[in-house]
Amino acid sequence: MYVRAIVAAFGTLALKSSEAIYLGTDKDDEGNPIDDNCTYKIVGKGNLHSRWWNITLYRNTKWMANELNRYSYSKTNVDYDKDGQWIIRLSKIEQQGNWIPFDNRSGPMSVSLRLYNPEPSAIADIKSMELPEIIREACQ
Amino acid sequence: MKSWKKTLIIIIVLAALFHVITIAALPYVVSGMVQNRLLEKGKLEKNVFYHGAIRQFEDVVVPGDNPDTITSRLVYDIRKAPLLVKLRIPDNASYWSFSLYANNLDNFYTLNDMDAKSKYRTSTVNLVIIKSKDAYKKKPDEVVVQSPSATGIGIIRIVVQDRYSPEVREELANLRKIQMASKCELVKLPDLKSPLF
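Position labels on residues start from 1 in each chain and follow its written sequence. Labels follow written order: the first chain is A, the first ligand is 1, and so on. Given that the model is predicted, a residue must reach a pLDDT of at least 70 before its local features are reported, and side-chain atom pairs must reach 80 or more before they are shown or counted; all residues, however, enter totals for whole chains, interfaces and linings. As a rule here, side-chain values cover all heavy atoms of the structure and leave hydrogens and water aside.

Visitor: Please clarify how helix α3 (residues 168–180) of chain B should be interpreted in this entry.
Guide: What sets the pattern is the α-helix's 3.6 residues per turn: residues three or four places apart point alike. Segments assigned H or I by DSSP are reported as helices when at least four residues long, segments assigned E as strands when at least two residues long, and all are numbered from the N terminus. Expected span, for any helix, means 1.5 Å times one less than how many residues it has. Here α3(B) contains 13 residues, and its C-alpha end-to-end distance of 18 Å stays within 8% of the 18 Å for a straight helix at 1.5 Å per residue. Between two residues, a contact is recorded if the distance between any of their heavy atoms is within 4.5 Å. Structurally, α3(B) contributes buried residues whose contacts are with β1 (50–51), β2 (69–77), β3 (83–88) and β8 (151–159) of chain B.

Written out as structure tokens, the structure reads:
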């Protein structure tokens with residue numbers, strides 16, 4: 001009953017985990033809140049144990065209102081290196097490669113990862129899987 | 001002293017009851033709000049698909065919306081008759097699915113493109129939503145799904161491979177064509193009053 005109430009209140013019309021796993025954070029890998037005065041790199045590799053994935057940056061639960069109208073990267077449009085690794089940078093400062101710019105608004109930010117048709121091992125225990133890291137690089 | 005204890009027990013029991021009822025009712029309340037929002041406060045019809053285009057920043061109203069999908073929404077009402085949903089499934093999608101949510105927002109059914117093709121070996125699936133425990137004589141090409149409630153929500157989700165690509169117009173045109181080919185209609189039931197029946 002509690003799970004159903006929580007899902008109704010916060011995860012309206014979500015899919016079951018066999019269809020999609022939704023992961024989100026408002027902190028970097030050291031546990032600090034995402035700060036738009038800093039540059040972050042999100043580092044991952046390959047298919048992330050799923051058929052398709054995307055990563056979206058939000059402010060106040062809405063897309064980032066940046067000048068590029070760039071809100072996300074996905075399995076199909078991220079640039080990979082020759083080893084299948086990819087890096088997405090979050091920053092106000094222009095970056096080479098995969099880059100989601102922060103906007104000039106204020107408010108809490110979060111990063112969401114969606115995994116569509118995750119592998120059975122990911123459905124069974126997502127915490128044990130190798131997931132992308134969010135690493136703070138430099139701050140202004 | 002006894003009266004004080006009795007009052008306290010009554011208050012605790014009432015508080016516990018209120019808590020349980022609130023938690024149990026929350027999904028139904030949220031579902032009503034969501035259905036109303038999907039029908040744009042009663043301006044749109046039930047049992048009709050509304051096929052949404054790719055959303056721009058100004059269009060986003062749902063918290064945590066996914067920018068890389070297009071969606072079709074449906075508020076169904078099968079109190080009078082079952083609903084036939086004719087689903088057109090893209091051949092080379094990154095992901096496509098049709099999901100059904102009961103009026104307590106339970107996701108009781110989902111069909112994705114891979115399962116549709118492996119189970120039914122077709123790019124068109126005729127799915128009939130009926131009330132649970134209702135009898136329905138299905139046709140050979142139909143898939144019958146029992147809904148735990150007489151009203152609910154259906155959502156088609158289609159992943160757009162690259163909304164930022166210069167070629168996205170072509171991809172979207174193809175996906176939109178497929179998306180809009182999905183339709184639904186109430187099933188005409190035999191007239192029980194008819195002497196011919």
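Visitor: Teacher, can you tell me more about the side chain of A:Arg59 here?
Guide: All names here are of chain A. By the secondary structure assignment, Arg59 is in strand β3 (residues 50–59). A polar contact is formed between the side chain of Arg59 and the backbone oxygen of Gly107, at a distance of 3.0 Å. Once you skip the residues sitting within four places of it in the chain, Arg59 turns out to touch Asp36, Met64, Phe102, Asp103, Arg105, Ser106, Gly107, Pro108 and Met109. Throughout this description, a polar contact denotes any pair of N or O atoms lying within 3.5 Å of each other; where both atoms belong to protein, one of them has to be capable of donating a hydrogen while the other can accept it, and for residues adjacent in sequence the pair is counted only when both atoms sit in side chains.

Visitor: Sorry, what's going on with a nonpolar patch on the surface here?
Guide: A contiguous nonpolar surface patch, about 570 Å² in accessible area, is contributed by B:Ile9, B:Ile10, B:Val13, B:Leu14, B:Leu17 and B:Ile21. Structurally, B:Val13 is set in helix α1 (residues 2–38). To count toward a patch, a residue needs a relative accessible area over 30% and no salt bridge; like charges are then connected within 9 Å, while nonpolar side chains (Val, Leu, Ile, Met, Phe, Trp, Tyr) are connected within 5 Å. Computed by Shrake-Rupley with a 1.4 Å probe, the accessible areas treat only the displayed protein chains as cover when residues are assessed. We define a salt bridge as a side-chain nitrogen of Lys or Arg found within 4 Å of a carboxyl oxygen belonging to Asp or Glu.

Visitor: In this structure, what is going on with helix α2 (residues 113–120) of chain B? I would like to understand it.
Guide: N-cap assignment for α2(B): the residue whose side-chain oxygen lies 3.0 Å from the backbone N of B:Met114 is B:Asn112. Two residues or fewer after α2(B) comes B:Arg121, characterised by a positive phi angle close to 50 degrees.

Visitor: Please explain unusual backbone geometry as it appears in this structure.
Guide: Excluding glycine, residues mostly carry a negative phi; peptide bonds, for their part, are mostly trans. Residues and elements named next belong to chain A. One non-glycine residue, His49, lies in the positive phi region at around 55 degrees. Residue placement: His49 occurs in the loop between β2 (38–45) and β3. Notably, Asn117 is not glycine yet its phi reads approximately 45 degrees, a positive angle. As for its position among the elements, Asn117 is in strand β8 (residues 109–118). The class of Asn117 is buried, set by a relative accessible area of 10%. We call a residue buried when its accessible area falls under 20% of the maximum for its residue type, exposed when it is over 50%, and partly exposed in between, using a 1.4 Å probe and counting protein chains only.

Visitor: Just checking my understanding: could you explain the nonpolar core for this structure?
Guide: It is characteristic of soluble globular proteins that their nonpolar side chains tend to be buried jointly. B:Val85, B:Leu87, B:Phe98 and B:Leu127 are the most contacted members of the largest nonpolar core, which totals 29 residues. Counting only elements with at least two residues in this core, the list comes to β2, β3, β4 (96–102), β5 (107–112), β6 (124–131), β7 (142–147), β8 and α3 of chain B. Side-chain atoms within 4.5 Å link the members of a nonpolar core, which is a set of buried Ala, Val, Leu, Ile, Met, Phe, Trp, Tyr and Cys residues. Of all hydrophobic cores here, the second largest spans 25 residues; its members include A:Ile34, A:Ile42, A:Phe102 and A:Ile126.

Visitor: Just to check I follow, could you spell out the pattern of salt bridges for this structure?
Guide: Once their charged atoms are close, side chains differing in charge can pair, the charge on each being opposite to the other. Under the criterion given, the structure shown has 11 salt bridges over all chains. One salt bridge in this structure joins A:Asp26 and A:Lys27, with 3.5 Å as the shortest N-O distance. Judged by its relative accessible area of 37%, A:Asp26 falls in the partly exposed class. For A:Lys27, a relative accessible area of 37% puts it in the partly exposed group. A salt bridge links B:Lys86 to B:Glu185, with the nearest nitrogen and oxygen atoms 4.0 Å apart.

Visitor: Mind showing me how you'd approach the side chain of B:Arg163 here?
Guide: For B:Arg163, the location among the structural elements is in the loop between β8 and α3. Buried within the structure, B:Arg163 lacks any salt-bridge partner; B:Asp68 is the closest side chain of opposite charge, at an N-O distance of 5.2 Å. Engagement of the side chain of B:Arg163 in a polar contact is seen with the backbone oxygen of B:Arg55, the distance being 2.9 Å. Among the polar contacts listed, one links the side chain of B:Arg163 to the backbone oxygen of B:Pro67, at a separation of 2.8 Å. Beyond its immediate sequence surroundings of up to four residues, B:Arg163 is in contact with A:Trp63, A:Tyr71, B:Ile54, B:Arg55, B:Gln56, B:Pro67, B:Asp68 and B:Val168. Neither His nor the chain termini are counted; the positive set is Lys and Arg, and the negative set is Asp and Glu.

Visitor: What am I meant to see in the pairing of strand β6 (residues 85–91) of chain A here?
Guide: As a general feature of sheets, a regular strand has side chains that alternate between the two faces. All names here are of chain A. Burial analysis of β6 places five of its seven residues in the buried class, the great majority of the element. Strands were regarded as paired on the criterion that DSSP finds at least two bridges between them. As defined by bridge partners, β2 adjoins β6 across six bridges and the pair is classed as antiparallel. If you follow Lys45 over to β6, its bridge partner there is Gln85. By the bridge criterion, four bridges tie β6 to strand β7 (residues 98–101) in an arrangement that is parallel. The residue of β7 that forms the bridge with Ser91 is Pro101.

Visitor: What is the right way to read the layout of surface pockets from this model?
Guide: Gaps left between atoms are located by rolling a probe of water-molecule size over the structure's atoms. Residues and elements named next belong to chain A. As a volume, the second largest pocket reaches approximately 290 Å³. A 1.4 Å probe that fits into a set of points on a 1 Å grid over the protein atoms alone but cannot get out defines a cavity; an open set with protein on both sides within 12 Å along at least five of seven lines defines a pocket, and lining residues are those with an atom within 4 Å of a point. Taken together, 14 residues form the lining of the second largest pocket, with Thr25, Asp29, Leu131, Pro132 and Ile134 sitting closest to its centre. Grouping the amino acids of the lining of the second largest pocket by side-chain chemistry returns eight nonpolar, three polar and three charged. Grid points are joined across faces, edges and corners, and a volume is the space filled by probe spheres set on the points. Put simply, Ala, Val, Leu, Ile, Met, Phe, Trp, Tyr, Cys and Pro go in the nonpolar bin, Asp, Glu, Lys and Arg in the charged bin, and everything else, Gly too, in the polar bin.

Visitor: Is there a simple way to think about the sheet that holds β7(B) in this case?
Guide: Strand pairing in a sheet relies on backbone hydrogen bonds. The paired strands run either parallel or antiparallel. All names here are of chain B. The four strands are arranged β7-β6-β3-β9 in an open sheet whose pairing can be described as mixed. Two strands in the sheet have a free side with no partner beyond their single neighbour: β7 and β9 (183–186). The mean inter-strand angle of the sheet, taken between neighbouring strand axes irrespective of direction, is 25 degrees. As paired strands, β6 and β7 are joined by six bridges and run parallel to one another. Fitted lines through C-alpha atoms give the axes, limited to the stretch in contact for helices. The angle between two N-to-C directions lies from 0 to 180 degrees.

Visitor: Quick question: what am I supposed to make of the confidence of the model for chain A here?
Guide: Confidence scores per residue from the predictor, reported as pLDDT, run from 0 to 100. Scored by pLDDT, chain A comes out at a mean of 91, with 91% of its residues at no less than 70. Segment residues 5–10 of chain A: pLDDT under 50, and nine contacts once partners within four positions in sequence are set aside and those in other chains are kept.

Visitor: I tried to follow the sheet that holds β4(B) on my own but got confused; where do I start?
Guide: All names here are of chain B. As summarised here, the arrangement of the five strands in space is β1-β2-β8-β4-β5, forming an open sheet in which the pairing is antiparallel. The two strands at the open ends of the sheet, each matched to only one other strand, are β1 and β5. As judged from the two bridges shared by β1 and β2, these two strands associate in the antiparallel manner. If you follow His51 over to β2, its bridge partner there is Ser72. α2 rests against β4 and β5 of the sheet, and its axis sits at about 75 degrees to β5.

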